[in-house]
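Overview (structure and organization)
So the chains spell out like this:
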Amino acid sequence: MVLSAILGVVSAGSALAQDTMPSPNPAPLIFAGKPTMLQEHGAGEGPAWHPEKGLFTSGEGNINLRSPRGEMSVYQTDSGSNGLMFDREGRLIVCEAVRRRIVRVELDGSKTVLADGFDGMKFNQPNDLSVDSVGRIYFTDPQYGDRSNMELVDEAGKHVEGVYRIDLDGTVSRIIAHEVDRPNGLVVTADDRLLFVADNNNGLGGARKLWRFNLKANGSVDPSSQTLVHDWGTTRGPDGMKLDQQGRLYVAAGLNKPHLPQETAEQPTAGIYVFSPEGKLLDCLRIPRDETTNCAFGGDDLKTLFVTAGGTLWSVPTKVAGAPVFPLLTGKPFGESTGK
């Protein structure tokens with residue numbers, strides 16, 4: 001969807017148009033078509049693409065699978081999962097929010113628990129994750145809904161909704177404690193130099209911001225580098241996000257209908273927001289179903305963006321391929337012989 005179509009829905013004179021939607025200046029063509037609904041249910045969160053098996057999503061308490069031919073099945077029942085991602089070896093990493101842990105599904109189908117707490121305290125609700133170039137796993141741990149079972153506190157006894165890193169030796173480190181109000185989606189750039197974190201506190205007066213941090217060589221964050229990329233104001237803030245091959249950031253955010261009093265929607269804002277590597281808002285793809293929660297690149301050429309929204313699944317072609325850590329883009333369609 002081009003900028004003119006979006007700006008035709010949101011008045012250019014409104015505060016929302018000025019503060020949230022991209023300007024009408026010429027921008028690179030990012031999307032190659034309009035979004036198409038693929039499923040009415042089963043895709044609440046966590047899309048992750050596997051070139052042979054298809055698209056994995058979290059929904060209805062399960063991990064669901066949509067094959068490359070569009071056949072739907074349940075991959076794992078009662079998973080209680082949220083964010084999903086494949087590591088560089090093609091193993092599925094799962095944020096099991098209900099069981100409050102991060103697990104890895106090995107290539108033989110067995111499951112390994114990678115982390116289930118910090119400093120002897122159980123995690124809150126592991127939400128989303130990213131993997132850097134050396135295989136370290138970064139994940140967010142917010143708490144939505146009932147907060148009575150929260151265990152994680154800092155030295156002063158204050159509850160922590162943080163960001164953590166799992167190193168290759170299994171060591172778990174907290175890299176963000178209170179710099180972000182309620183971390184949700186996140187992504188590490190391909191050069192391991194930057195970490196983007198979605199601050200999505202949907203309570204009354206909560207933060208709805210996208211932050212950027214500098215990463216050190218050891219995978220820790222430089223807190224002094226914290227930079228605001230975008231603020232969604234009082235509508236629903238940023239959720240899951242992914243990068244394309246040009247380093248542009250695709251962020252799920254916004255609402256079509258308000259959730260008053262905590263979340264407004266004077267004009268529809270739900271969709272995928274695309275930012276340049278420098279943080280400039282380039283485009284916004286409108287998704288007509290609330291709530292737009294996450295996205296992932298897939299397809300033979302990684303030029304299909306899959307979008308989860310309110311349990312539904314959408315797809316839209318893109319001009320530039322995505323940049324997941326798995327599968328790597330080889331220049332040939334997946335499954336095509338390389339002659340070796």
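Just above, that's the structure.
Here the structure is a predicted model, which means the values were calculated and not measured. In this numbering scheme, every chain counts its residues from 1 along its sequence in written order. Local features in a predicted model are, by the rule used here, given only for residues with pLDDT of at least 70; side-chain atom pairs are given and counted only at 80 or more, and totals for whole chains, interfaces and linings are based on all residues. Neither water nor hydrogens contribute to the side-chain values; these are computed over all heavy atoms in the structure.

What to know about the overall build of the chain
Secondary structure counts use DSSP, requiring at least four H or I residues in a row for a helix and at least two E residues in a row for a strand, with both numbered from the N terminus. Along the backbone of the chain there are two helices and 26 strands. Contacts are assigned to residue pairs that have any heavy atoms within 4.5 Å of one another. Excluding contacts between residues fewer than 6 apart, the proportion of contacts in the chain whose partners are at least 24 apart in sequence is 47%. Looking at the chain as shown, the accessible area adds up to about 14200 Å², and 50% of this sits on carbon and sulfur atoms. We get accessible surface area from the Shrake-Rupley algorithm with a probe of 1.4 Å; when it comes to residues, only the shown protein chains can shield them.

Focus on the pattern of salt bridges
One side-chain nitrogen of Lys or Arg within 4 Å of one carboxyl oxygen of Asp or Glu is enough to make a salt bridge. Evaluated as defined, the whole model comprises 16 salt bridges. In this structure, the salt-bridge partner of D87 is R91, at a minimum N-O distance of 2.8 Å. Each of the two residues, D87 as well as R91, counts as buried. In this structure, the salt-bridge partner of E161 is R182, at a minimum N-O distance of 2.8 Å. In this pair, E161 is assigned in the loop between β13 (137–140) and β14 (163–166) and R182 in the loop between β15 (172–176) and β16 (183–188), connecting sequence segments 21 residues apart. Partly exposed residues are those whose accessible area sits between 20% and 50% of the maximum for their type, while under 20% is buried and over 50% is exposed, using a 1.4 Å probe and protein chains only. By relative accessible area, R182 is classed as buried at 11%. Shared partners join several salt bridges into a network, and the residues in it are D87, E89, R91, R104 and E106.

Considering the packing of aromatic side chains
Each aromatic pair joins two rings of Phe, Tyr and Trp (for Trp, the six-membered one) with centres within 6.5 Å, and gets the label stacked for planes under 30 degrees apart, edge-to-face for over 60, and tilted for any other angle. Under the defined criterion, the tally for this structure stands at 12 aromatic pairs. Here the aromatic rings of W49 and F306 are separated by 5.7 Å at their centres, their planes lie at 15°, and the arrangement is stacked. Of this pair, W49 sits in strand β2 (residues 45–50) while F306 sits in strand β25 (residues 304–309), placing them 257 residues apart in sequence. Exposure remark for F306: the relative accessible area of 8% places this residue in the buried category. Where Y250 meets F297, the ring centres are 5.0 Å apart and the plane angle is 85°; that geometry is what we call edge-to-face.

Thoughts on the sheet that holds strand β22 (residues 271–275)
Paired strands are those between which DSSP finds at least two bridges. Pairing is antiparallel across the open sheet formed by four strands, whose spatial order is β20-β21-β22-β23. Sheet topology places β20 (241–243) and β23 (281–286) at the edges, where each strand pairs with a single neighbour. The mean inter-strand angle of the sheet, taken between neighbouring strand axes irrespective of direction, is 20°. The sheet contact formed by strand β21 (residues 249–253) and β22 spans five bridges and is antiparallel. The partner of A252 across the bridge, within β22, is I272. Working convention: axes come from line fits to C-alpha atoms, limited for helices to the stretch in contact. Angles between N-to-C directions cover 0 to 180 degrees.

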